[in-house]
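Close look at the chain arrangement
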Amino acid sequence: MLNLFVAIYLLVSIGIGLYAARRVHSSKDYVVAGRSLPLYITTATVFATWFGSETVLGTSSTFINEGMGGIVADPFGASLCLILVGVFFAGKLYRMNLLTIGDFFKQKYGRGVELATSAAIMLSYLGWVAAQLSALGLVFNVLSQGAISLQQGVVLGAAIVVLYTVYGGMWSVALTDFIQMIVIVVGMLYVGYIVTGEVQGGAAAVIEHAANAGKFNFWPDASLAGILAFVGALVTLGLGSIPQQDVFQRVMSAKDEKTAVHSAVLGGVLYFLFAFIPIFLAYSAFLIDSQMVDKLLQSDSQLVLPTLILEHTPLLAQIMFFGALLSAIMSTASGTLLAPSTIFAENVLKPWMGHISDRNFLHIIRTVVLVFGVCVTLFALNSDSSIFEMVENAYKVTLVAAFVPLAAGVYWSRANTQGAVVSIVFGVVVWLTLEIIAPEGICPPQLAGLAAAMIGMLVGSLTPRFIRSPE
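None of these values were measured; they are calculated from a predicted model.

Basis of the calculations
- Residues numbered from 1 in each chain as written.
- Predicted model: local features only at pLDDT ≥ 70, side-chain atom pairs only at ≥ 80, totals over all residues.
- Heavy atoms only, no water.
- Helix = DSSP H or I, 4+ residues; strand = E, 2+ residues; numbered from the N terminus.
- Rg over C-alpha atoms; globule rule 2.2 N^0.38 Å.
- Buried < 20%, exposed > 50% of the residue type's maximum accessible area, 1.4 Å probe, protein only.
- Contact = heavy atoms within 4.5 Å.
- Areas by Shrake-Rupley, 256 points an atom, 1.4 Å probe, with all protein chains shown as cover.
- Salt bridge = Lys/Arg side-chain N within 4 Å of Asp/Glu carboxyl O.
- Patch = residues over 30% accessible without salt bridge, like charges linked within 9 Å, V, L, I, M, F, W, Y side chains within 5 Å.
- Expected span 1.5 Å × (residues − 1).
- Phe/Tyr/Trp six-rings, centres within 6.5 Å; stacked < 30°, edge-to-face > 60°.
- Axes fitted to C-alpha atoms, helices over the stretch in contact; angles between N-to-C directions.
- Parallel < 35°, antiparallel > 145°, perpendicular 65-115°, else oblique.
- Nonpolar A, V, L, I, M, F, W, Y, C, P; charged D, E, K, R; others polar.

For the rest of this paragraph, the subject is the overall build of the protein. Within the protein, the secondary structure is distributed over 22 helices and zero strands. Relative to the 2.2 N^0.38 estimate, which gives 23 Å for 471 residues, the radius of gyration of the protein is 22 Å and therefore close to what a compact globule would have. With the principal axes as the frame, the protein shows a C-alpha extent of 70 × 55 × 40 Å. Within the protein, the proportion of its 471 residues that are buried is 60%. Sequence separation of 24 or more characterises 85% of the internal contacts of the protein that already satisfy a separation of 6 or more. Here the protein displays about 18,200 Å² of accessible surface, and carbon together with sulfur accounts for 65% of that area.

Summed over the entire model, instances satisfying the criterion amount to five salt bridges. Of the charged contacts, one joins Glu257 and Arg95 as a salt bridge, the two residues approaching to 2.5 Å between their closest N and O atoms. With a gap of 162 residues between them, Glu257 in helix α12 (residues 257–274) and Arg95 in the loop between α5 (72–94) and α6 (101–109) connect regions that are remote in the sequence. On the basis of relative accessible area, Glu257 is assigned to the partly exposed category, the value being 28%.

A few words now on a nonpolar patch on the surface. The grouping of Met1, Leu4, Phe5, Ile8, Val12 and Leu315 at the surface amounts to a nonpolar patch, some 570 Å² of accessible area in total. By residue number, the principal contributor to the nonpolar patch is helix α1 (residues 2–20), which donates four residues. Residue placement: Met1 occurs in the segment before α1. Of the residues examined, Met1 reaches a relative accessible area of 62% and is grouped as exposed.

In this section: unusual backbone geometry. Cis geometry is found at the peptide bond from Asp74 to Pro75, where omega equals 25°. The phi torsion at Ala33 lies on the positive side, around 50°, for a residue other than glycine. Positionally, Ala33 belongs in the loop between α2 (27–32) and α3 (39–50). Under the relative-accessibility criterion, Ala33 is labelled buried at 0%.

Okay, the side chain of Thr377 next. The residue Thr377 is located in helix α17 (residues 358–381) in this model. For Thr377, the residues in contact, after removing those within four places along its chain, are Leu133, Val154, Val155 and Ala158.

Relative to the 18 Å expected for 13 residues at 1.5 Å per residue, helix α13 (residues 276–288) spans 18 Å between its end C-alpha atoms, a close match to the ideal helical length. In terms of residue burial, α13 counts as a mostly covered element, since 11 of its 13 residues are buried. Taken together, the buried positions of α13 are Ile277, Pro278, Ile279, Phe280, Leu281, Ala282, Tyr283, Ser284, Ala285, Phe286 and Ile288.

What follows covers the packing of aromatic side chains. Taken as a whole, this structure holds 18 aromatic pairs when the rule is applied. Note on Phe88 and Tyr411: the rings are 6.5 Å apart at their centroids and 75° apart in plane angle, and the pair reads as edge-to-face. Highlighted residues: Phe88 in helix α5 and Tyr411 in helix α20 (residues 403–411), separated in sequence by 323 residues. Here Tyr411 falls in the partly exposed class, since its relative accessible area comes to 44%. Ring centres of Phe218 and Trp219 lie 4.9 Å apart, and the angle between their planes is 75°; on these two criteria the pair is classed as edge-to-face. For Trp219, a relative accessible area of 68% puts it in the exposed group. Members of the aromatic cluster, joined through ring pairs, are Phe76, Phe218, Trp219, Phe230, Phe272 and Phe276.

Between α6 and helix α16 (residues 315–353), the least distance of the axes is 9 Å, while the angle of their chain directions is 25°. Taken together, the axes of α6 and α16 are roughly parallel relative to one another. Contacts between α6 and α16 involve Ile101, Gly102 and Asp103 from the former and Ile343, Glu346 and Asn347 from the latter.

Relative to the helices and strands, Ser263 is located in helix α12. The exposure class assigned to Ser263 is buried, which follows from its relative accessible area of 0%.

A word on the environment of Pro243. Checked against the element boundaries, Pro243 lands in the loop between α10 (224–238) and α11 (245–252). Linking Pro243 and Ile101, residues 142 residues apart in sequence, is a C-alpha distance of 6.9 Å. Filtering out sequence-adjacent residues up to four positions away, Pro243 remains in contact with Ile101, Ile121, Thr398, Ala402, Phe403 and Leu406.

This part is about the packing of helix α9 (residues 202–212) against α13. Two numbers describe how α9 lies on α13: the axes approach to 9 Å, and their chain directions differ by 85°. In terms of axis orientation, α9 runs roughly perpendicular to α13. Across from Ala203, Ala205, Val206, His209 and Ala210 in α9, the residues of α13 making contact are Phe280, Tyr283, Ser284, Phe286 and Leu287. Residues that form the contact of α9 with α13 fall into these classes: eight nonpolar, two polar and no charged.

Turning our eyes to something else, we now look at the environment of Phe276. By the element assignment, Phe276 lies in helix α13. When its relative accessible area of 24% is taken as the criterion, Phe276 is described as partly exposed. Counting along the chain gives 221 residues from Phe276 to Thr55, while the straight-line C-alpha distance between them is 8.6 Å. In this structure Phe276 touches Met68, Pro75 and Phe76, once residues within four positions along its chain are discounted.

So, in structure tokens, the structure goes:
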């Protein structure tokens, strides 16, 4: 019965996505939904940026293993990203009327920097989208009780997401996100109510147990290594995900500048609040079925929450939970599949094609979405990383290669092409060098890379120019 309801839900989601494709008449419709979305839909799409597999499965399992200190990157850094985008970037970028975040680098710094930052952004999405597809494979495997293997589940999930994203683009992402956000909110609140009732002593007992186990220790120890590790984890998502196309296109789909700003901040706040529901649910398993938790901690802690729901809640709660889980994963996967594809089509392919009609360009974007979907599916099938690790690692490259040129380009009048080039080179070289020779050193490689990128921007912009900026 549960699988039947899940199948129906998946078919409805596909139907909504394909229905939304009827609104796509141009590349602008496909990439940013014609910049016409109202506040409630834009907020839903921004919320869905992060509420995916890493939140429900990855972050909750990381909390079980490492406590609050292990989830600094997500949800704390992830929420910080969306709020910072709303406060400092959404309004300024919206007024520029850009199609992709790569267009900003092109206007500000020229073709070379556009290509370099676009490459960094596209590379970061391999792990990000792969994490969502891996989660879909995990869910289908659990629901089928092993009849569908993890690999088969990944392929099935990829086929569903690619289908409606190829046809509907951002319109499909937006409308499915709105419906899926409703399912997520209602489903998680209902399941939270059911699970709380299963615990003797209710929510207070769960919180007390976690506190006694030291799971609320958030701040790092006073050592330099501890502080730098904490800051590195926070800024990886908090800053590294700001120059990302999926965040950009969701915010830029708003009908006006005010809506863009407010939706980013609201989406960030809502995400932070709801991210703790799956954390609470997963930790409740210690008080409901400690033997099950101990067993899964030896194999895959990401299975604690779905196993708890399957074995200790009624059918309606199972339907609500897996509906919410699939909603979260698919809404994130569709947006993050579309993002690198549009970057590649707009900022890498299009300049080489000369004059091309918008209709033909739209066909090209759809083809790129399909090809990228195949590539990330193969990546997901061959990755051994956990969902949380794939997501956290995805943003290191954009942190060191794209954040500083973006922030300096928006807020520092003396930032120029030479500064951006030196910033990218310094940031990437320092980061990769430390990843190779000292990945577990005192300073996290990505944090050192960020510092080097800042120095590079200052040095390159303030010294005599050898690289010209665009007129």
